[in-house]
Amino acid sequence: MKHPQQLFARRALAAAVLSAAGCASAATYYVAPSGSDAAAGTLAAPWATIAHAQAVAAPGDTVYFRGGAYVFHGGVNACASMTDTVNAVTLNKSGQAGKPIRYWAYPGEKPVFDFAQMKDNCRVKGVNVTGSWLHLKGFEVTGAPQQPGNLLNNESWGVWNSGSNNTFEALDTHHHMGPGMFIAKGSNNLVLNVDSHHNYDPYSKSGPGQNADGFGVHVGANSPGNVLRGCRAWANTDDGYDFINAGSAVTVESSWAWRHGYYPGTTTSVPAGNGNGFKVGGYGGAYQANAPQHIARFNVAFNNKAAGFYANHHPAASYFTNNTGVNNRPDFNMLGVDASGAGIALGILRNNLAWQGTLVSNVAGADAVNNSWNLASVSVTSADFQSASLDGWDAPRLPDGSLPVLPNLRLAAGSDLLDKGVSVGLPYEGAAPDLGAFEGSARVTAFADATPAVKVVQSGLALNRTTQQMSGTLSVTNTSTTTYDGTLMLRLDALTDGVALVNRSGSQGGAPTLTLNPAHLAPGQTLTFPVVFANPAHAAIAYTPRLFAGQP
Amino acid sequence: MRTFLIALALACACGGASASPTYRVVVDTGAAAGQWGWLDFLILGQAAASPVHATLGGFAGIDGDGTAPLLAGDVAVTATGAILGNGAGWNEYALWTRFGGRIGFDVLLDIDPRAGAGSTLEVALLDAAGNYAGAAGDVLAFALLPGEAPVLTQTDAVTLPEAPAPALVGLGLALLGLARRRRAPRRILAGAA
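Parameters and conventions
- Residues numbered from 1 in each chain as written.
- Chains lettered and ligands numbered in written order.
- Predicted model: local features only at pLDDT ≥ 70, side-chain atom pairs only at ≥ 80, totals over all residues.
- Helix = DSSP H or I, 4+ residues; strand = E, 2+ residues; numbered from the N terminus.
- Rg over C-alpha atoms; globule rule 2.2 N^0.38 Å.
- Buried ≥ 20, exposed ≤ 12 C-beta atoms within 10 Å, placed from the backbone.
- Contact = placed C-beta atoms within 7 Å.
- Pairing = 2+ DSSP bridges.
- Axes fitted to C-alpha atoms, helices over the stretch in contact; angles between N-to-C directions.
- Domains from an automatic or database assignment.
- Core = buried A, V, L, I, M, F, W, Y, C linked by C-beta atoms within 7 Å.
- pLDDT = per-residue confidence, 0-100.
- Nonpolar A, V, L, I, M, F, W, Y, C, P; charged D, E, K, R; others polar.

**Q** Help me get a handle on the overall build of chain A, residues and values and all.
**A** Counting its secondary structure elements, chain A contains 2 helices and 44 strands. Relative to its length of 552 residues, chain A is compact, with a C-alpha radius of gyration of 25 Å against a globular reference of 24 Å. The principal-axis extents of the C-alpha atoms in chain A amount to approximately 90 × 65 × 50 Å. Residue burial in chain A is summarised as follows: out of 552 residues, 51% are buried. Sequence separation of 24 or more characterises 68% of the internal contacts of chain A that already satisfy a separation of 6 or more.

**Q** Break down the overall build of chain B for me, citing the residues and quoting the values.
**A** Broken down by element type, chain B carries 2 helices and 13 strands. By residue count, 50% of the 193 residues in chain B fall in the buried class.

**Q** With reference to specific residues and values, describe the sheet that holds strand β5 (residues 101-105) of chain A.
**A** Residues and elements named next belong to chain A. Sheet architecture is open: 12 strands sit in the order β1-β2-β5-β8-β11-β14-β17-β20-β23-β26-β31-β34, paired in parallel fashion. Every interior strand has two partners, whereas the edge strands, β1 (28-31) and β34 (367-369), have only one. Ignoring which end each strand starts from, the neighbouring axes of this sheet average 10 degrees apart.

**Q** Explain the domain arrangement of chain A to me, and be specific about the residues and the numbers.
**A** Partitioning chain A into domains gives domain 1 (67-329) and domain 2 (447-550). Taking the mean C-alpha position of each, domain 1 of chain A and domain 2 of chain A sit 38 Å from one another.

**Q** Pulling in residues and values, what's your account of the sheet that holds strand β22 (residues 278-279) of chain A?
**A** Residue and element names in this part refer to chain A. On the basis of which strands lie adjacent, the open sheet formed by 10 strands has the order β4-β7-β10-β13-β16-β19-β22-β25-β28-β33 and parallel pairing. Each end of this open sheet is capped by a strand with a single partner; those strands are β4 (85-91) and β33 (360-361). Relative to β22, strand β19 (residues 241-242) is paired through 2 bridges, and the arrangement is parallel. Residue pairing for β22: Tyr241 is matched across the bridge by Phe278.

**Q** Residues and numbers for the pairing of strand β4 (residues 52-60) of chain B, please.
**A** All names here are of chain B. Here β4 runs beside strand β9 (residues 102-111); their pairing, made up of 7 bridges, is antiparallel. Bridge pairing in β9 links Gly57 to Asp106. Summarising the sheet, β4 and strand β7 (residues 82-85) pair through 4 bridges and their orientation is antiparallel. Across the sheet, Leu56 pairs through a bridge with Ala82, a residue of β7.

**Q** How would you summarise the nonpolar core if you had to cite specific residues and measurements?
**A** Formed by 104 residues in total, the largest nonpolar core has its most connected members in Val159, Phe278 and Phe309 of chain A. In contact with Phe309 of chain A, other than residues within four places in its own chain, are Gly277, Phe278, Val280, Ala296, Ala301, Phe320, Asn323, Gly325 and Phe332 of chain A. Core analysis: the second largest hydrophobic core is formed by 80 residues, Phe533 and Ile541 of chain A together with Val25 and Leu109 of chain B among them.

**Q** Describe unusual backbone geometry, listing the residues and the values that go with them.
**A** Residue and element names in this part refer to chain A. Look at the link from Arg329 to Pro330: it is a cis peptide, with omega at 0 degrees. Asn517 connects to Pro518 through a cis peptide bond whose omega is 0 degrees. Of note, Pro518 is situated in strand β42 (residues 511-521). The phi dihedral of Arg259 is positive, around 60 degrees, even though this residue is not glycine. Among the structural elements, Arg259 can be located in the loop between β21 (256-258) and β22. You will see that Asn362, though not glycine, has its phi angle at about 55 degrees, which is positive.

**Q** Just give me the short version of the confidence of the model for chain B, but keep the residues and values in it.
**A** Residue and element names in this part refer to chain B. When pLDDT is averaged across chain B, the result is 81; 74% of the residues are at 70 or more. Every residue in residues 1-18 is under pLDDT 50, and counting partners more than four places away or in other chains gives 35 contacts. Contacts for the low-pLDDT stretch residues 164-193, under 50 throughout, to residues beyond four places or in other chains number 49 contacts. Confidence estimates for the predicted assembly give a pTM of 0.83 and an ipTM of 0.80.

**Q** Any chance you could break down the interface of chain A and chain B for me, citing the residues and the numbers?
**A** The interface is formed by 22 residues belonging to chain A together with 32 residues belonging to chain B. When contributions to the side of chain A that touches chain B are tallied by element, the ones reaching two or more residues are α1 (4-20), β36 (454-458) and β37 (462-464) of chain A. Top element by residues in the side of chain A that touches chain B is α1 of chain A. It accounts for 5 residues. Of the residues in the side of chain A that touches chain B, the class split is 14 nonpolar, 6 polar and 2 charged.

**Q** Hey, could you go over the environment of Ser248 of chain A for me, with residue numbers and the actual values?
**A** All names here are of chain A. Relative to the helices and strands, Ser248 is located in the loop between β19 and β20 (250-253). Look at Ser248 and you get partly exposed, because 19 C-beta atoms sit within 10 Å. For the pair Ser248 and Asn226, spaced 22 residues apart in sequence, the C-alpha separation works out to 8.6 Å. Residues within four places of Ser248 in sequence aside, it is in contact with Val219, Ala221, Asn222, Ser223, Pro224 and Pro292.

**Q** Tell me what's going on with the confidence of the model for chain A, and back it up with residues and numbers.
**A** Close inspection of predicted coordinates is inappropriate in any region flagged by low pLDDT. Residue and element names in this part refer to chain A. Residues with a pLDDT of 70 or more make up 95% of chain A, whose mean pLDDT is 95. No element of chain A has a lower mean pLDDT than α1, which averages 44, and none a higher one than β21, which averages 99. Within the model, the stretch residues 7-23 combines pLDDT values under 50 with 14 contacts to residues more than four positions away or in other chains.

**Q** For the environment of Gly230 of chain A, give the residues involved together with the corresponding values.
**A** Residue and element names in this part refer to chain A. Checked against the element boundaries, Gly230 lands in the loop between β17 (226-229) and β18 (232-234). Once the C-alpha coordinates of Gly230 and His176 are considered, the two residues, 54 residues apart in sequence, prove to be 21 Å apart. If we skip the residues at most four places from it in the chain, Gly230 touches Leu192, Asn193, Ser254, Ser255, Ser402 and Leu403.

**Q** Describe the pairing of strand β27 (residues 324-328) of chain A, listing the residues and the values that go with them.
**A** All names here are of chain A. Taken across its 5 residues, β27 has 4 buried, putting it largely inside the fold. Pairing analysis gives 3 bridges linking strand β24 (residues 300-302) to β27, with the strands arranged parallel. Note that in β27 the partner of Ala301 across the bridge is Gly325. Of the strand pairs in this sheet, β27 and strand β32 (residues 353-357) are connected by 4 bridges, and their pairing is parallel. Looking at the pairing, Gly325 lines up with Ala354 of β32.

**Q** Requested: an account of the environment of Arg232 of chain A, with residues and values cited.
**A** Residues and elements named next belong to chain A. Mapped onto the fold, Arg232 is located in strand β18. The exposure class assigned to Arg232 is buried, which follows from the 24 C-beta atoms found within 10 Å. Each residue touching Arg232, except ones within four places of it in the same chain, is listed here: Asp195, Ser255 and Trp256.

Here's what the structure looks like:
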């Protein structure tokens, strides 16, 4: 007979093997606002600075940043003149293919890199990325300044990149005196699920507000593969997305842009701010041979001062596919330029949807078919949408950083815009692609975060040794005066890696959910959700419970 | 199997603070008579849980063969038993014994009243491979929530005849201080999971 402890140990070993699988030899380090660079860089003794973390980190390593403010008071270099540029953070050590260096927010926490206190009297790059094979994830980046009285320069930058094969994910870059996210050089960079908003450059020599784009991609020739996906730009004084002077094709997809060209948070025009949602190319009006064909697809632009989608005198026909423009001026403007310098209509437009505002300009002569404005069989009204609301687009992102799921501008069942597109080789539902950014008419429930209105109690967990599952309950008590009727969805954010919610109803943004429908939660009432976990590594289970109420 | 829910007020007879209820527990292991196995105590930790300590002592009826107790996670061995906490994901203390007779032990619970997730102290009879012996699940469970009385779930095999002697309570309280000092760094590590 085996010794009884051997049998127990065998199970423990199996759990440990599961836990360690895939870890290889990559190191994990930690940085915290209260840390010290003389410390060990562990969770219990974190470092203080990203500079020190970079000095130690090797390809394949991960550096986690704890939540809180990392306040920068000056650049790592000094202004040699008033037209010089200083960098608050420089990431110049590269990872390797398949072994990126990861600079990630600690799960469930928000590190904030704040540059607003910098007084360097020249241009500022908040985060200056010159290395390659880097992955930045989960940071808030704010406040890259210009200095009053120094009108010798144009913009500063929130995040500036000249490396290749980098991933910028789930960043919130805002309130810079210049663009929030700027790709100056490099290939195969992915900007994923990044928000860039409220950027305004008041001290630019070219005019206040003229250079604060949400996203700028201005790479040279032979710099392919730069992609922006799942991004949002709003309330920037210049454009949402600007690819002017880009010598290589850029793809922007499943991204949104609204309220550009205005002072942030207002509808007061910034005179120098261009105000386009998506400015897809151009070279300042000049013709350039061998210009690339950019790709803009599945995007939404609304309420911009100028065009929703703008070719900007681009000399080549870019691809505009399944975009939705609402209440822009105009929604689509395909002004290109020919070799003689004359303005022409250039663009390959398929399955786009324009509604309200000025629908289109400079499309006569462009390659445009199966768009809402050139299909006699369709008309666009508010009844075509599950919701015609242009509010709420800045709702919190889902736990994995993806865009919030809204009913806004999604097609309703019975809309004559369904199946009116033409296949472009991309997946679609039904007989043909739909018009606009959102395929299909599946009903989307608008959820409001009811977490502040409830008290949540997590019970202890009990083990079922037969199934090895751990079960307990989550009780939510309505502490508000609001009665919730309809659908209630409990979401477990930031659930510990390796732990699964066995009895989940579904998932949202990568987080498991438990749904009650119909549900009724009156003031003072308590609802109890059973939870059952699989936890083979026997980790201490952690998660953040959040309750969402769906509209009935 | 019949299950009872018994509130702390019915079980605690020591007159101590409600945050430190005490119990004398007797488990009839006759349903697993003839088997060797573990009298197992388990607390599954959650990262958000309020700290909990269970002081286990006063063991009677343990018919062992010299096999050492099983220890895992947040557990400290004492002269008369162990102090089991919830500072790791899996916290366990188990004694090897031959089943068939009645096994008695004392439980003193210390529950931090600060807000946080609850914990459950489970007591089970397990065979050598870790499967339930003589029952389909735990024989006894203490569901603990900060600021609330423990809720007990037990099978017919369990009786709660009397409260422990005051001497044990005093010993347990003294040991709690030791356990907390030992536990401090572990709680930091637990937060990393």
